[in-house]
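Secondary and tertiary structure notes
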Number of protein chains: 2
Amino acid sequence: MKAATFIEPGKMVITEAPKPTIEKKTDAVIRIIRACVCGSDLWWYRGLSKRESGSLVGHEAIGVVESVGEAVTDIKAGDFVIVPFTHGCGHCAACLAGFDGDCTNQEGGGNGGYQGEFLRYTNANWGLVKIPGQPADYSDEMLNNLLTLSDVMATGYHAAVSAEVKPGDTVVVMGDGAVGLCGVIGAKLLGAEQIIAMSRHEDRQKLALEFGATDIVAERGDEAVAKVMALTDNAGANAVLECVGTEQSVATAVAVAGAGAVIGRVGIPQKAEMNTNVLFRKNIGLRGGIAAVTTHDKARLLDAVLKGEINPGKVFTQRFNLDDIQAAYEAMDQRQAIKSLLVISD
Amino acid sequence: MKAATFIEPGKMVITEAPKPTIEKKTDAVIRIIRACVCGSDLWWYRGLSKRESGSLVGHEAIGVVESVGEAVTDIKAGDFVIVPFTHGCGHCAACLAGFDGDCTNQEGGGNGGYQGEFLRYTNANWGLVKIPGQPADYSDEMLNNLLTLSDVMATGYHAAVSAEVKPGDTVVVMGDGAVGLCGVIGAKLLGAEQIIAMSRHEDRQKLALEFGATDIVAERGDEAVAKVMALTDNAGANAVLECVGTEQSVATAVAVAGAGAVIGRVGIPQKAEMNTNVLFRKNIGLRGGIAAVTTHDKARLLDAVLKGEINPGKVFTQRFNLDDIQAAYEAMDQRQAIKSLLVISD
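All of these numbers come straight from a predicted model, not from anything done at the bench.

Moving on: unusual backbone geometry. Residue A:Asn283 is not a glycine yet carries a positive backbone phi of 55°. The topology assignment puts A:Asn283 in the loop between α10 (277–281) and β14 (285–288). Even without being a glycine, B:Asn234 presents a positive backbone phi close to 70°. Turning to its location among the elements, B:Asn234 is positioned in the loop between α8 (221–231) and β11 (237–242). Residue B:Asn234 is classed as exposed on the basis of its relative accessible area of 61%.

A side chain with one charge can pair with a side chain of the opposite charge if their charged atoms come near. Residue and element names in this part refer to chain A. All told, the structure shown has 38 salt bridges over all chains when counted by the stated rule. Of the charged contacts, one joins Lys2 and Asp323 as a salt bridge, the two residues approaching to 3.1 Å between their closest N and O atoms. You can see Lys2 sitting in strand β1 (residues 2–8) and its partner Asp323 sitting in the loop between β15 (316–321) and α12 (325–333), a full 321 residues away along the chain. The class for Lys2 is partly exposed, based on a relative accessible area of 32%.

On to a nonpolar patch on the surface, then. Taken together, A:Trp43, A:Leu48 and A:Ile268 make up a surface patch of nonpolar side chains, about 320 Å² in accessible area. Within the secondary structure, A:Trp43 is located in helix α1 (residues 41–45).

Moving on: the packing of aromatic side chains. Applying the stated criterion across every chain, the model contains eight aromatic pairs over all chains. On the numbers, 6.0 Å between centres and 45° between planes, the contact of A:Phe80 with A:Tyr138 is tilted. With a gap of 58 residues between them, A:Phe80 in strand β5 (residues 80–83) and A:Tyr138 in the loop between β7 (129–131) and α4 (140–148) connect regions that are remote in the sequence. Just as A:Phe80 is buried, A:Tyr138 falls in that class too. Ring geometry for B:Tyr45 versus B:Tyr329: centroids 5.3 Å apart, planes at 35°, classification tilted.

All names here are of chain A. Under the domain assignment used here, chain A contains domain 1 (2–151 + 292–343) and domain 2 (155–288). Relative placement of domain 1 and domain 2: their C-alpha centres are 27 Å apart. Both sides of the domain 1 and domain 2 interface together cover about 1600 Å² of buried area, and 66% of this is carbon and sulfur. A per-residue breakdown of the area domain 1 buries against domain 2 is headed by Arg300, Arg335 and Ile338, which together make up 34% of the total. Counting the contacts that link domain 1 with domain 2 gives one salt bridge. A salt bridge links Glu210 to Lys314, with the nearest nitrogen and oxygen atoms 2.4 Å apart.

Attention now goes to the environment of B:Ala239. Residue and element names in this part refer to chain B. Within the element layout of this structure, Ala239 appears in strand β11. The sequence separation of Ala239 and Ser162 amounts to 77 residues, and the corresponding C-alpha distance is 9.2 Å. If near-sequence neighbours (up to four positions away) are discounted, Ala239 is found in contact with Ala163, Val165, Asp169, Thr170, Val171, Val172, Ala261 and Val262.

Time to look at the packing of helix α5 (residues 152–162) of chain B against helix α11 (residues 293–306) of chain B. Residues and elements named next belong to chain B. Their axes nearest at 10 Å, the elements α5 and α11 cross at an angle of 85°. As summarised for this structure, α5 and α11 are arranged roughly perpendicular, according to the angle between their axes. Within the contact between the two elements, α5 uses Met153, Ala154, Tyr157, His158 and Val161 and α11 uses Val293, His296, Asp297, Arg300 and Leu301. The residue inventory of the contact of α5 with α11, partitioned by class, reads six nonpolar, two polar and two charged.

With that settled, the discussion passes to the pairing of strand β16 (residues 339–343) of chain B. All names here are of chain B. Counting buried residues along β16, five of its five residues qualify, which places the element largely inside the surrounding structure. Burial of β16 is two-sided: the residues Lys339, Leu341 and Val343 facing one way and the residues Ser340 and Leu342 facing the other way are all buried. Alignment of strand β3 (residues 28–36) against β16, held across three bridges, turns out to be antiparallel. Bridging from a neighbouring strand, Cys36 pairs with Leu341 of β16. When strand β15 (residues 316–321) meets β16, the two strands line up parallel, connected through five bridges. Across the sheet, the residue bridging to Phe320 is Leu342, located in β16.

Each partner contributes residues to the interface: chain A has 36 residues there, and chain B has 36 residues. Together chain A and chain B conceal approximately 2800 Å² of surface at their shared face, both sides included; 51% is due to carbon and sulfur atoms. Of all residues in chain A, A:Phe280, A:Asn283 and A:Arg287 give up the largest surface area on contact with chain B, accounting jointly for 26% of the area buried on that side. Taken together, chain A and chain B are joined by two salt bridges. The residue B:Glu164 makes a salt bridge to A:Arg287 at a minimum N-O spacing of 3.1 Å. Applying the counting rule to chain A against chain B returns 18 residue pairs in polar contact (both at pLDDT 80 or more). When the residues that make up the side of chain A that touches chain B are grouped by side-chain class, the tally is 17 nonpolar, 11 polar and eight charged. Relative to strand β13 (residues 273–275) of chain B, strand β13 (residues 273–275) of chain A runs antiparallel, the two sharing three bridges. Pairing of A:Glu273 across the sheet is with B:Asn275, part of β13(B).

Parameters and conventions
- Along each chain, residues carry numbers from 1 onward, in the same order as the chain's sequence is written.
- Chain A is the first chain written and ligand 1 is the first ligand written, with later ones labelled in order.
- Note on the predicted model: pLDDT of at least 70 is required for a residue's local features to be given, and 80 or more for side-chain atom pairs to be given and counted; whole-chain, interface and lining totals, by contrast, use all residues.
- Think of the side-chain values as coming from all heavy atoms in the structure, minus any hydrogens and water.
- Counting from the N terminus, the helices are DSSP H or I runs at least four residues long and the strands are E runs at least two residues long.
- Exposure is judged per residue with a 1.4 Å probe applied to protein chains only, and the accessible area is read against the type maximum: over 50% gives exposed, under 20% gives buried, and values in between give partly exposed.
- Put simply, a salt bridge is a Lys or Arg side-chain nitrogen that is within 4 Å of an Asp or Glu carboxyl oxygen.
- Only residues whose relative accessible area exceeds 30% and that form no salt bridge enter a patch; like-charged residues are grouped when within 9 Å of one another, and nonpolar side chains (Val, Leu, Ile, Met, Phe, Trp, Tyr) when within 5 Å.
- For accessible areas, the Shrake-Rupley method is used with a probe of radius 1.4 Å. Any residue's cover is judged against the shown protein chains and nothing else.
- Put simply, two rings from Phe, Tyr or Trp (the six-membered ring, in Trp's case) pair if the centres are within 6.5 Å, and we call them stacked under 30 degrees between planes, edge-to-face over 60, tilted for the rest.
- Residue ranges for the domains originate in an automatic or database domain assignment.
- Buried area is a sum: the accessible area each of two parts loses on coming together, probed at 1.4 Å, counted once for each and added.
- The contact definition used throughout considers only heavy atoms, calling two residues in contact when any of these lie within 4.5 Å.
- Axis definition: a line fitted to C-alpha atoms, limited for helices to the stretch in contact. Angles are taken between N-to-C directions and run from 0 to 180 degrees.
- Just so you know how the angles are binned, under 35 degrees is roughly parallel, over 145 roughly antiparallel, 65 to 115 roughly perpendicular, and the rest oblique.
- Throughout this entry, Asp, Glu, Lys and Arg are counted as charged residues, while Ala, Val, Leu, Ile, Met, Phe, Trp, Tyr, Cys and Pro are counted as nonpolar. The remaining residues, Gly among them, count as polar.
- Between any two strands, at least two bridges found by DSSP are needed for them to pair.
- Polar contacts here mean pairs of N or O atoms no more than 3.5 Å apart (in protein, one a potential hydrogen donor and the other a potential acceptor; neighbouring residues in sequence count only if both atoms are side-chain atoms).

Below you can see the structure in the form of structure tokens.
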């Protein structure tokens, strides 16, 4: 089968790889329909993190189940499914608490290779999310919406849930990448009244407004804080979605939070050490982590997509065939695309 | 008037101080009935923090209003009141959000002198909490319960609220001082099913069990973590109340938290810098800060005390007259008393 393969920073190729098979009774093999490139893929693409040369890549997809192991009973061959980057078992304490991104039964090696024709998915019984019908029943736009439920929309929503967004809230969203934009959708879905998107790129500002942002702040640092304070009558936000992870972004998130506000973090923290006394002084909460993809999809997001309530697929501003994998990465790397879609099969 | 006065570390005396008067139209002057010594008073008593020699001390009391400024309309002379250590204005964004400990209109100098015969209380209109009837209507036990609502019980409850304790939860309480013990009461009041109190002193273990703890863990560090894991079927707690503030206590709080748990901090953090990536990895939340005393009292605690639902006054294991102020501090300092009560007047 064809699979996107990492060679070295800045260089992606399509290689011929062995088609995966069922290795454990909890596995499923999926024929991939659509996949995409994640902002976090750029870390190793840019050489900022290490990755083995020759490794298969990608962790977001939708597809059709080809075969399942004998312990997989919730999903069967022929089912159309969301393929989350998480692999929740559904029965450990973390999954039961609604945090399948922290599943204690996750298996190593299961996360990679989504940007290819076939994938072995571990913990398939509970982890996969069944989509009604078949791919051919859906428009391209709807397939794009469904694809976002494998990571980016679930992650943006996780930021909003972690920030405990309530109806009527004033929410600040740090980050205008695809996750931040999906955070805007998540905040609106949870009833936020005022959504302030921190964005300095015109195409992303436009999409943020379309997704429900009420205000745009293009400034950074102290100027951004002053602007948010002016927009909130000096009260600060009730909830802050931190979808970047840099030290500056986290500092700004704290500075714009009002007393008792909660910061929901999904941006992988760049710096571990943080002065938490600034949180204590204003009763600011800090929550978040790896998204609970299967939990959020089953509880709310799949339904919201199928009903047309949300249209997160708009984050895919460029579309590529699998063979053009290098161009798909370059478009993201050079910020020509907000997010690159990969069409694998129909 | 008589007032407890700090001379130097280890030395408290009663001095004759001028009786306070109304200085601002938002003030009230209170005749103090009961006051007490706080664990945080021991910081300067032990010389661990600085305090000016000759300064009046104390920040917990109940009393009767002597006079009020012209802007004070909710409370009048003769009213029996809880005198919170917080001074919420009731109308800033922080107070409106339910975090009066972070009131942006708090006035300097208003916090101190509660261990004396009279007190000038700032922001009296909203900050003071009216108790029905007069002191003579209540038993000594009930006066003790009411006194805890000026700080310690509200602070323990704040830890539980900050940790988002829900019915059925498994809760770990770090710290067996008066605040931790009130945290046990708070967790139970919010419906916790399993309450694990970390305590190594027999008298405090006994009180924790009386207040609703279901399990006692006397160990510290790694051994404490192992014991909690064994008690929770390896799942960790749903909520952790951090009522100590030391680095070791915070580290243990994180280690016993299950995926998605929230740590509610009220122990003033000893160390500002904290590795927050350990939180991110397990979606552990960190909330808490200065208690919202007036908010909690009015919303829930005064009612719970008056109905006999909770008996936090049991934390006062020794009773002193104001003249015996040195003995009251020594009893706390030497851990002979869990908390020292000061009888000022009737």
